[in-house]
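Each chain is listed here by its residues.
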Amino acid sequence: RIKDYFLRYDEAVSNDFVLSQGGRKVDLLRSDIEDWRITFVDTGLHTKIGQRLRRVRDLVGDDEMFLANYSDGLTDMPLPKMLETFKRSAKVAAFVCAPPSQSFHVVSMGNGDRVERIEPVRESGLLVNCGFFAFRQEIFDYIGDGEDLVGPPFERLISQDRLMGYRYDRFWCMDTFKEQQELTDLCSRGEAPWEVWKTRAEQNRPFAKVDLNPRMAVPAA
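Residues numbered from 1 in each chain as written. Predicted model: local features only at pLDDT ≥ 70, side-chain atom pairs only at ≥ 80, totals over all residues. Heavy atoms only, no water.

1. Points about the pairing of strand β5 (residues 93-98)
1) Next: Within β5, six of the six residues are buried, which leaves it mostly tucked inside the rest of the structure.
2) Next: Covered by surrounding structure in β5 are Ala-93, Phe-95 and Cys-97 together with Ala-94, Val-96 and Ala-98, the residues of both alternating faces.
3) Next: One ladder, built from five bridges, connects β5 with strand β8 (residues 128-136); its direction is antiparallel. What sits directly across from Ala-94, in β8, is Ala-134. (Buried < 20%, exposed > 50% of the residue type's maximum accessible area, 1.4 Å probe, protein only. Helix = DSSP H or I, 4+ residues; strand = E, 2+ residues; numbered from the N terminus. Pairing = 2+ DSSP bridges.)

2. Digging into helix α8 (residues 177-188)
1) Next: Across its twelve residues, α8 extends 16 Å between first and last C-alpha, which sits within 8% of the 16 Å expected from 1.5 Å per residue.
2) Next: For α8, the complete set of buried residues consists of Glu-179, Leu-183 and Leu-186. All buried residues of α8 fall inside an arc of 55° around its axis, so they share one side. The outward face of α8, more than 90 degrees from its buried face, is lined by the exposed residues Phe-177 and Ser-188.
3) Next: Residues of α8 that are buried sit in contact with β4 (73-74) and β10 (172-173). (Expected span 1.5 Å × (residues − 1). Arc of directions from axis to C-beta. Contact = heavy atoms within 4.5 Å.)

3. Regarding the sheet that holds strand β9 (residues 163-167)
1) Next: Reading across from one edge, β3-β8-β5-β9 is the order of the four strands in this open sheet, with mixed pairing throughout. Looking along the sheet, the strands with just one partner apiece sit at the ends: β3 (65-69) and β9. Neighbour-to-neighbour, the strand axes of this sheet turn through a mean angle of 25°, independent of strand direction.
2) Next: Pairing of β3 with β8, which is carried by five bridges, proceeds in the antiparallel orientation. (Axes fitted to C-alpha atoms, helices over the stretch in contact; angles between N-to-C directions.)

Printed below as a string of structure tokens:
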């Protein structure tokens, strides 16, 4: 499904355009696919995250650092600030952490059935892994055969003080149907704070022309 989405990607769906000549001509007011270079790698349906990283190790090349994410999070976090902090550190890995986005309550219990405190999880001081990562090449030395990422590899990093948590209190994710509704409402009102690319695009709007003949663009390997 993911491959098919990009192979048949239609820029007119995600960009403004001018339709003319009885629907035979489309003039895009903005283009977003021109600079893309995507490598699609099937790492296995049930493969653990740590092993997925290992299977694309060769694709990282000689880059000192690289990024990874779970692909189901949305945030307006200023990525350059996180990367600059990570570069100045001696850490091997960094991840974004934030208060939980869910709306349930956390209960603290005392002896027996005594309730000592109940508070919204967002006010409890708990932080969760948001799934946005920055790694140095050394991360592969910490991931063993069959291991997940957040588990033994991170425990090894913690024991050596090589893991950095980058806190960001404004965070959006979509783990529940309720959150999906909330994010959809923000989009419909034009208030999606994670769409930071739109601000940049408005500052430089290229003008491109395409016709309506079906085209299939194959991403670079």
